[in-house]
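Observations on the three-dimensional arrangement
Letter by letter, the chains look like this.
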Amino acid sequence: MGVPSGYTSAQVVQAVPVPKGLVQIIPTSVAVTGGSATGSVDTNGNITFALATGIIINGIFSATYDYYHMRVSITACSGNDDNVEIRYTTGGTANSNSSYQGHRLDISSTTVTASAQTGLAQQFIGSASSTDGDTPFGLLDLLDPFASRVTKLSSNWYSVNNSAVQKSVRGNSIFDATTSFDGIAFRLAGLTGPTLSGNISVYGYSK
Amino acid sequence: MDTVNNMNKKIDITPIDSVCPIYRETVDPTQQALDTARLVAEAEAVEARAVARQAVLDRLGLTEQEAQLLLGS
(Lines give C-alpha, C1' and ligand atoms only; values in the text may rest on other atoms or scores of the structure.)
Protein backbone atom coordinates (compact mmCIF):
# COMPACT_ATOMS: atom_id res chain seq x y z
CA MET A 1 0.00 0.00 0.00
CA GLY A 2 1.31 3.43 -0.90
CA VAL A 3 1.62 6.43 1.38
CA PRO A 4 -1.77 8.23 1.48
CA SER A 5 -1.87 11.71 0.03
CA GLY A 6 -0.93 14.34 2.59
CA TYR A 7 1.11 11.96 4.81
CA THR A 8 4.81 11.17 4.99
CA SER A 9 6.02 7.57 5.28
CA ALA A 10 7.19 8.29 8.85
CA GLN A 11 3.70 9.37 9.79
CA VAL A 12 2.26 6.17 8.33
CA VAL A 13 4.72 4.04 10.37
CA GLN A 14 3.78 5.95 13.52
CA ALA A 15 0.12 5.33 12.80
CA VAL A 16 0.56 1.53 13.27
CA PRO A 17 1.04 1.00 17.02
CA VAL A 18 2.29 -2.18 18.71
CA PRO A 19 -0.80 -4.23 19.65
CA LYS A 20 -1.77 -3.92 23.30
CA GLY A 21 -1.33 -6.82 25.69
CA LEU A 22 0.74 -9.98 25.30
CA VAL A 23 2.17 -10.46 21.82
CA GLN A 24 3.95 -13.71 20.96
CA ILE A 25 7.51 -13.19 19.72
CA ILE A 26 9.21 -15.19 16.98
CA PRO A 27 12.94 -15.62 17.75
CA THR A 28 15.49 -14.79 15.07
CA SER A 29 17.13 -18.18 15.63
CA VAL A 30 17.36 -21.01 18.11
CA ALA A 31 20.41 -23.10 18.96
CA VAL A 32 20.36 -26.46 20.70
CA THR A 33 23.24 -28.37 22.29
CA GLY A 34 23.44 -32.12 22.65
CA GLY A 35 24.48 -34.75 20.13
CA SER A 36 20.93 -35.75 19.09
CA ALA A 37 19.21 -32.44 19.81
CA THR A 38 16.58 -31.08 17.44
CA GLY A 39 14.41 -28.00 17.34
CA SER A 40 11.85 -26.04 15.35
CA VAL A 41 9.83 -22.83 15.55
CA ASP A 42 6.33 -22.60 14.05
CA THR A 43 4.75 -19.57 12.40
CA ASN A 44 3.41 -18.29 15.74
CA GLY A 45 6.80 -18.52 17.46
CA ASN A 46 6.18 -21.74 19.42
CA ILE A 47 9.58 -23.35 20.03
CA THR A 48 9.79 -27.13 20.12
CA PHE A 49 12.97 -28.96 21.12
CA ALA A 50 13.99 -32.52 21.85
CA LEU A 51 16.95 -34.28 23.50
CA ALA A 52 18.66 -30.95 24.20
CA THR A 53 21.18 -30.42 26.98
CA GLY A 54 20.69 -26.71 26.34
CA ILE A 55 18.46 -24.37 24.34
CA ILE A 56 19.53 -20.87 23.33
CA ILE A 57 16.73 -18.60 22.08
CA ASN A 58 18.09 -15.64 20.16
CA GLY A 59 16.57 -12.32 19.14
CA ILE A 60 13.53 -12.23 21.46
CA PHE A 61 14.29 -9.17 23.60
CA SER A 62 14.30 -5.76 21.95
CA ALA A 63 13.45 -2.11 22.53
CA THR A 64 9.84 -2.87 21.55
CA TYR A 65 9.00 -4.29 24.98
CA ASP A 66 10.40 -4.01 28.48
CA TYR A 67 8.31 -6.83 30.02
CA TYR A 68 8.31 -10.43 28.79
CA HIS A 69 6.46 -13.59 29.75
CA MET A 70 7.80 -17.08 28.98
CA ARG A 71 6.05 -20.42 29.22
CA VAL A 72 8.20 -23.53 29.47
CA SER A 73 6.61 -26.96 29.23
CA ILE A 74 8.80 -30.06 29.52
CA THR A 75 7.48 -33.21 27.87
CA ALA A 76 10.41 -35.54 28.58
CA CYS A 77 13.82 -35.46 30.21
CA SER A 78 16.58 -37.70 31.50
CA GLY A 79 18.38 -37.79 34.84
CA ASN A 80 16.99 -37.11 38.32
CA ASP A 81 16.66 -33.79 40.12
CA ASP A 82 19.02 -32.13 37.66
CA ASN A 83 19.22 -28.35 37.82
CA VAL A 84 17.41 -26.31 35.20
CA GLU A 85 19.21 -22.99 34.93
CA ILE A 86 19.12 -19.93 32.71
CA ARG A 87 21.72 -17.51 31.47
CA TYR A 88 20.98 -14.36 29.51
CA THR A 89 22.56 -14.11 26.07
CA THR A 90 23.78 -11.43 23.70
CA GLY A 91 24.27 -12.40 20.06
CA GLY A 92 23.98 -16.08 20.99
CA THR A 93 26.68 -15.94 23.65
CA ALA A 94 25.62 -16.79 27.18
CA ASN A 95 26.73 -14.42 29.92
CA SER A 96 28.43 -16.42 32.69
CA ASN A 97 29.56 -13.42 34.76
CA SER A 98 29.01 -13.87 38.50
CA SER A 99 26.23 -11.27 38.46
CA TYR A 100 23.19 -13.48 39.02
CA GLN A 101 21.65 -13.17 42.47
CA GLY A 102 18.30 -13.62 44.12
CA HIS A 103 15.95 -15.34 46.51
CA ARG A 104 14.82 -18.96 46.24
CA LEU A 105 11.88 -20.58 47.94
CA ASP A 106 12.20 -24.34 47.48
CA ILE A 107 9.33 -26.67 48.37
CA SER A 108 10.20 -30.35 48.51
CA SER A 109 7.09 -32.32 49.44
CA THR A 110 5.92 -30.12 52.36
CA THR A 111 9.34 -28.82 53.44
CA VAL A 112 9.95 -25.19 52.58
CA THR A 113 13.50 -23.84 52.39
CA ALA A 114 14.34 -20.22 51.72
CA SER A 115 17.74 -19.05 50.53
CA ALA A 116 19.44 -15.92 49.27
CA GLN A 117 22.26 -16.31 46.78
CA THR A 118 24.74 -13.90 45.25
CA GLY A 119 27.63 -14.08 42.81
CA LEU A 120 26.20 -16.91 40.74
CA ALA A 121 27.28 -17.61 37.15
CA GLN A 122 23.76 -18.77 36.22
CA GLN A 123 20.28 -18.62 37.68
CA PHE A 124 18.64 -21.81 39.00
CA ILE A 125 14.93 -21.95 38.20
CA GLY A 126 13.96 -25.55 39.02
CA SER A 127 14.72 -29.20 38.43
CA ALA A 128 13.72 -32.03 36.11
CA SER A 129 13.69 -35.80 36.33
CA SER A 130 13.23 -38.67 33.89
CA THR A 131 10.00 -40.00 35.44
CA ASP A 132 8.35 -36.58 35.22
CA GLY A 133 6.62 -37.33 31.93
CA ASP A 134 4.93 -34.11 30.85
CA THR A 135 4.86 -32.74 34.39
CA PRO A 136 7.56 -30.03 34.69
CA PHE A 137 6.55 -26.54 33.76
CA GLY A 138 7.85 -23.05 34.33
CA LEU A 139 6.37 -19.58 34.09
CA LEU A 140 8.92 -16.78 33.82
CA ASP A 141 8.40 -13.02 33.87
CA LEU A 142 11.28 -10.76 32.88
CA LEU A 143 11.65 -7.02 33.15
CA ASP A 144 14.26 -4.91 31.33
CA PRO A 145 16.39 -7.67 29.75
CA PHE A 146 17.17 -5.51 26.70
CA ALA A 147 17.27 -2.07 28.29
CA SER A 148 20.55 -0.94 29.80
CA ARG A 149 19.18 -1.60 33.26
CA VAL A 150 19.42 -4.43 35.76
CA THR A 151 17.54 -7.46 34.37
CA LYS A 152 14.83 -8.75 36.70
CA LEU A 153 13.32 -12.25 36.71
CA SER A 154 10.40 -13.70 38.62
CA SER A 155 9.98 -17.45 38.08
CA ASN A 156 7.84 -20.37 39.14
CA TRP A 157 8.73 -24.02 38.45
CA TYR A 158 7.08 -27.32 39.35
CA SER A 159 8.36 -30.86 38.91
CA VAL A 160 8.18 -34.34 40.43
CA ASN A 161 11.42 -36.22 40.98
CA ASN A 162 12.16 -39.91 40.45
CA SER A 163 11.10 -40.67 44.04
CA ALA A 164 7.67 -39.14 43.33
CA VAL A 165 8.48 -36.10 45.50
CA GLN A 166 6.71 -32.93 44.36
CA LYS A 167 9.06 -29.98 44.02
CA SER A 168 8.36 -26.31 43.44
CA VAL A 169 10.76 -23.40 43.16
CA ARG A 170 9.74 -19.78 43.42
CA GLY A 171 12.51 -17.36 42.48
CA ASN A 172 13.03 -13.63 42.33
CA SER A 173 16.37 -12.68 40.89
CA ILE A 174 18.37 -10.06 39.05
CA PHE A 175 21.38 -9.89 36.79
CA ASP A 176 23.14 -7.19 38.77
CA ALA A 177 24.62 -5.24 35.85
CA THR A 178 23.16 -3.06 33.11
CA THR A 179 24.09 -5.43 30.29
CA SER A 180 21.68 -5.49 27.33
CA PHE A 181 20.49 -9.00 26.41
CA ASP A 182 18.60 -10.17 23.32
CA GLY A 183 18.09 -13.81 24.27
CA ILE A 184 18.09 -16.46 26.95
CA ALA A 185 19.77 -19.87 27.34
CA PHE A 186 18.24 -22.79 29.24
CA ARG A 187 20.65 -25.44 30.57
CA LEU A 188 20.10 -28.78 32.25
CA ALA A 189 22.68 -30.21 34.67
CA GLY A 190 25.32 -27.71 33.55
CA LEU A 191 25.23 -29.16 30.01
CA THR A 192 26.84 -32.36 31.29
CA GLY A 193 24.58 -34.87 29.56
CA PRO A 194 20.94 -35.10 30.71
CA THR A 195 18.48 -33.80 28.13
CA LEU A 196 15.20 -31.92 27.93
CA SER A 197 12.38 -32.13 25.41
CA GLY A 198 9.50 -29.71 25.36
CA ASN A 199 8.10 -26.38 24.27
CA ILE A 200 8.81 -22.74 25.00
CA SER A 201 6.88 -19.66 23.98
CA VAL A 202 7.85 -16.04 24.56
CA TYR A 203 5.55 -13.03 24.78
CA GLY A 204 6.17 -9.31 24.95
CA TYR A 205 3.79 -7.10 26.87
CA SER A 206 2.87 -3.72 25.48
CA LYS A 207 1.43 -1.18 27.89
CA MET B 1 30.21 -18.94 28.06
CA ASP B 2 28.65 -22.29 27.44
CA THR B 3 28.43 -22.16 23.68
CA VAL B 4 30.56 -20.51 21.04
CA ASN B 5 28.74 -18.36 18.53
CA ASN B 6 31.12 -19.38 15.81
CA MET B 7 29.93 -20.46 12.37
CA ASN B 8 32.58 -23.20 12.31
CA LYS B 9 30.97 -24.77 15.37
CA LYS B 10 27.38 -24.33 14.20
CA ILE B 11 25.50 -27.00 12.28
CA ASP B 12 22.33 -25.87 10.56
CA ILE B 13 19.58 -28.38 11.46
CA THR B 14 16.62 -26.19 10.53
CA PRO B 15 13.62 -28.40 9.69
CA ILE B 16 11.53 -27.40 6.69
CA ASP B 17 8.57 -26.40 8.88
CA SER B 18 10.58 -23.98 11.05
CA VAL B 19 10.19 -20.24 10.57
CA CYS B 20 13.62 -19.40 11.97
CA PRO B 21 17.02 -21.09 11.76
CA ILE B 22 17.85 -23.83 14.24
CA TYR B 23 21.51 -24.59 14.88
CA ARG B 24 23.20 -27.33 16.79
CA GLU B 25 26.10 -25.87 18.69
CA THR B 26 28.98 -27.62 20.32
CA VAL B 27 29.49 -27.07 24.01
CA ASP B 28 32.66 -25.28 25.02
CA PRO B 29 34.75 -28.06 26.64
CA THR B 30 36.38 -25.60 29.07
CA GLN B 31 32.99 -24.39 30.29
CA GLN B 32 31.70 -27.95 30.44
CA ALA B 33 34.65 -28.93 32.63
CA LEU B 34 33.90 -25.97 34.93
CA ASP B 35 30.22 -26.92 35.07
CA THR B 36 31.06 -30.53 35.84
CA ALA B 37 33.43 -29.43 38.62
CA ARG B 38 30.70 -27.19 40.04
CA LEU B 39 28.12 -29.99 40.00
CA VAL B 40 30.59 -32.36 41.69
CA ALA B 41 31.35 -29.70 44.31
CA GLU B 42 27.60 -29.18 44.93
CA ALA B 43 27.06 -32.94 45.30
CA GLU B 44 30.02 -33.20 47.67
CA ALA B 45 28.69 -30.28 49.72
CA VAL B 46 25.30 -32.01 50.06
CA GLU B 47 27.08 -35.22 51.08
CA ALA B 48 29.25 -33.33 53.60
CA ARG B 49 26.17 -31.71 55.16
CA ALA B 50 24.49 -35.13 55.47
CA VAL B 51 27.61 -36.60 57.13
CA ALA B 52 27.85 -33.64 59.52
CA ARG B 53 24.14 -33.95 60.37
CA GLN B 54 24.51 -37.67 61.06
CA ALA B 55 27.53 -36.96 63.29
CA VAL B 56 25.48 -34.52 65.36
CA LEU B 57 22.59 -36.99 65.62
CA ASP B 58 25.01 -39.70 66.74
CA ARG B 59 26.40 -37.44 69.47
CA LEU B 60 22.86 -36.65 70.63
CA GLY B 61 21.80 -40.27 70.41
CA LEU B 62 18.89 -39.46 68.09
CA THR B 63 17.58 -41.45 65.14
CA GLU B 64 16.78 -39.67 61.85
CA GLN B 65 13.07 -40.15 62.55
CA GLU B 66 13.41 -38.64 66.02
CA ALA B 67 15.35 -35.70 64.56
CA GLN B 68 12.62 -35.07 62.02
CA LEU B 69 9.97 -35.13 64.76
CA LEU B 70 12.07 -32.79 66.88
CA LEU B 71 13.41 -30.42 64.22
CA GLY B 72 10.83 -30.77 61.48
CA SER B 73 13.37 -31.64 58.79
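Presented here is an overview of the structure given in this document. (Residues numbered from 1 in each chain as written. Chains lettered and ligands numbered in written order. Predicted model: local features only at pLDDT ≥ 70, side-chain atom pairs only at ≥ 80, totals over all residues. Heavy atoms only, no water.)

All names here are of chain A. In this sheet, strand E10 (residues 111-120) lies alongside strand E9 (residues 100-108) in antiparallel orientation, the contact comprising 8 bridges. When the bridges of E10 are listed, glycine 102 appears paired with glutamine 117. Where E9 meets strand E14 (residues 166-175), 9 bridges bridge the pair, whose relative direction is antiparallel. In the sheet register, histidine 103 faces E14, and the bridge partner there is asparagine 172. (Pairing = 2+ DSSP bridges. Helix = DSSP H or I, 4+ residues; strand = E, 2+ residues; numbered from the N terminus.)

A:Phe49, A:Ile57, A:Met70, A:Tyr88, A:Ile184, A:Phe186 and A:Ile200 are the most contacted members of the largest nonpolar core, which totals 39 residues. Top element by residues in this core is strand E6 (residues 67-77) of chain A. It accounts for 5 residues. (Core = buried A, V, L, I, M, F, W, Y, C linked by side-chain atoms within 4.5 Å. Buried < 20%, exposed > 50% of the residue type's maximum accessible area, 1.4 Å probe, protein only.)

A word on the interface of chain A and chain B. The partner chain B presents 23 residues to the 33 residues of chain A that form the contact. At the boundary of chain A and chain B, one finds 0 salt bridges. On the surface where chain A and chain B come into contact, there are 8 residue pairs in polar contact (both at pLDDT 80 or more). Residue assignment for the side of chain A that touches chain B shows that the elements contributing at least two residues are strand E2 (29-33), strand E3 (38-41), strand E7 (82-90) and strand E8 (93-94) of chain A. When residues of the side of chain A that touches chain B are assigned to their parent elements, the largest contribution, 5 residues, is made by E2(A). For the side of chain A that touches chain B, the residue count by class is 11 nonpolar, 18 polar and 4 charged. Where E2(A) meets strand E2 (residues 22-25) of chain B, 3 bridges bridge the pair, whose relative direction is parallel. Note on E2(B): the bridge partner recorded for A:Ala31 is B:Tyr23. (Contact = heavy atoms within 4.5 Å. Salt bridge = Lys/Arg side-chain N within 4 Å of Asp/Glu carboxyl O. Polar contact = N/O pair within 3.5 Å; in protein donor to acceptor, adjacent residues only side chain to side chain. Nonpolar A, V, L, I, M, F, W, Y, C, P; charged D, E, K, R; others polar.)

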